[in-house]
Amino acid sequence: MSDADTLARFHHIFDNLADKMKPAAESENHWIVANEAVRIGFTEVSPSRPPGQAWQVTEGGFTVRFQWRYYDQSSPFSPQKDMNILSLELRKEGQVLRGIEERFED
């Protein structure tokens, strides 16, 4: 498969998952994207910024990576909700070609 074919396929994968990002954030459920990623062949990998989880697929120097991470926004005497961050990136040999992010609090 040529680089152009792989890139076109990875753009399609990115678009498919990107369409699920906003509904996932609105329903406060990262599994909407994660389950679709696993269904289409992604494998779980270490998150780049724990705590959280990440899944990716790589082929011919191209990678699509979905990551869910969260952090506690609380401070002393001020309990707050956790911030959840859903991020999706398409990379070629480490360089980000496309990326989106959605956030929600829970």
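Cut-offs applied
- Residues numbered from 1 in each chain as written.
- Predicted model: local features only at pLDDT ≥ 70, side-chain atom pairs only at ≥ 80, totals over all residues.
- Heavy atoms only, no water.
- Axes fitted to C-alpha atoms, helices over the stretch in contact; angles between N-to-C directions.
- Helix = DSSP H or I, 4+ residues; strand = E, 2+ residues; numbered from the N terminus.
- Parallel < 35°, antiparallel > 145°, perpendicular 65-115°, else oblique.
- Contact = heavy atoms within 4.5 Å.
- Core = buried A, V, L, I, M, F, W, Y, C linked by side-chain atoms within 4.5 Å.
- Buried < 20%, exposed > 50% of the residue type's maximum accessible area, 1.4 Å probe, protein only.

**Description of the packing of helix α1 (residues 3-26) against helix α2 (residues 31-39)**
Where α1 meets α2, the closest approach of the two axes is 8 Å, and the angle between their N-to-C directions is 155°. As the angle between them shows, α1 and α2 are arranged roughly antiparallel. In contact with N16, L17, K20, M21, P23 and A24 of α1, α2 contributes I32, V33, E36 and A37.

**Remarks on the nonpolar core**
Nonpolar side chains in soluble globular proteins generally cluster together in the buried interior. In terms of nonpolar packing, the biggest core is built from 21 residues, with F10, L17, F42, V64, F66, L86 and L88 touching the most fellow members. For this core, the secondary-structure elements that each account for two or more residues are α1, α2, β2 (52-59), β3 (62-72) and β4 (82-92). Top contributing element to this core by residue count: α1, with seven residues. If we skip the residues at most four places from it in the chain, L17 touches V33, E36, A37, I40, F42 and L88.

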